[in-house]
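# Working through the structure, step by step
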Amino acid sequence: MTTEQQNDSGPGRRAAVRLIFEYAGPDIRLVSRQQVEAAPPPSDPIEEERDVQGFWVELRDAEQRPLYRRVMHPPVRHDAEVFSDDPERSIARVPVEEPRGAFAVLVPDLGDADHIALVSSPLTPGPSIAPATEVARFTLGPGADEGSR
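The text that follows walks through the structure, step by step, so that each part is easy to find. The shown structure was predicted, so the numbers you read here are calculated from the model rather than taken from an experiment.

### Quick look at the nonpolar core
Counting residues in hydrophobic clusters, the biggest one holds 21 residues, and the most contacted among them are Phe21, Val57, Val107, Ile116, Leu118 and Phe138. Of all the secondary structure elements, the ones that give two or more residues to this core are strand S1 (15-24), strand S2 (27-37), strand S3 (55-60), strand S4 (66-72), strand S7 (100-108), strand S8 (115-120) and strand S9 (133-139). Among the elements that take part in this core, S1 stands out by supplying four residues, more than any other. Discounting chain neighbours no more than four positions away, the residues touching isoleucine 116 are Leu19, Phe21, Val57, Glu58, Leu59, Val107, Ala136, Arg137, Phe138 and Leu140.

Take a look at the structure:
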């Protein structure tokens, strides 16, 4: 069955799941999941590559095989925009010592998906040249709690 067929829930309807995550420093937790009728973004290529940098989410089956991948900007912000009274420097970026925030991800509602993995280069201030690795995993099945494992 194709991803498109699995997502169909009627004529012109698509099933998706909106996942909301919160972070405090390096700790990320899943705080909400909601099934919605929406067309999720298409999957990015899911072929395994080595030494890739960046941030993405993956829906995986119970055997760890990726079913869906969405490449994103890193959601953890280590700086903030601040406005200045100085007319020659109206906006500046300043470091945030203890980053806190939330982000949402819309993924297809795939029956074979066992968990979602967050894959990232190190979530640290400044540019990272290290390859991405799994930084968090959350179970998706019925009755799953919203904590990381």
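### Some points on the side chain of serine 121
Considering the arrangement of structural elements, one finds serine 121 in the loop between S8 and S9. Side-chain polar atoms of serine 121 contact the backbone oxygen of alanine 130, separated by 2.9 Å.

### Some thoughts on the sheet that holds S7
Taken together, the three strands give an open sheet; going across it, the order is S2-S1-S7, and neighbouring strands pair in antiparallel fashion. Since the sheet does not close on itself, it has two edges, and those belong to S2 and S7, each with one partner. Between one strand axis and the next, the sheet turns by 20° as a mean value, whatever way the strands run. Relative to S2, S1 is paired through ten bridges, and the arrangement is antiparallel. Within the sheet, the bridge partner assigned to valine 17 lies in S2 and is glutamine 35.

Rules and cut-offs
- Residues numbered from 1 in each chain as written.
- Predicted model: local features only at pLDDT ≥ 70, side-chain atom pairs only at ≥ 80, totals over all residues.
- Heavy atoms only, no water.
- Core = buried A, V, L, I, M, F, W, Y, C linked by side-chain atoms within 4.5 Å.
- Buried < 20%, exposed > 50% of the residue type's maximum accessible area, 1.4 Å probe, protein only.
- Helix = DSSP H or I, 4+ residues; strand = E, 2+ residues; numbered from the N terminus.
- Contact = heavy atoms within 4.5 Å.
- Polar contact = N/O pair within 3.5 Å; in protein donor to acceptor, adjacent residues only side chain to side chain.
- Pairing = 2+ DSSP bridges.
- Axes fitted to C-alpha atoms, helices over the stretch in contact; angles between N-to-C directions.

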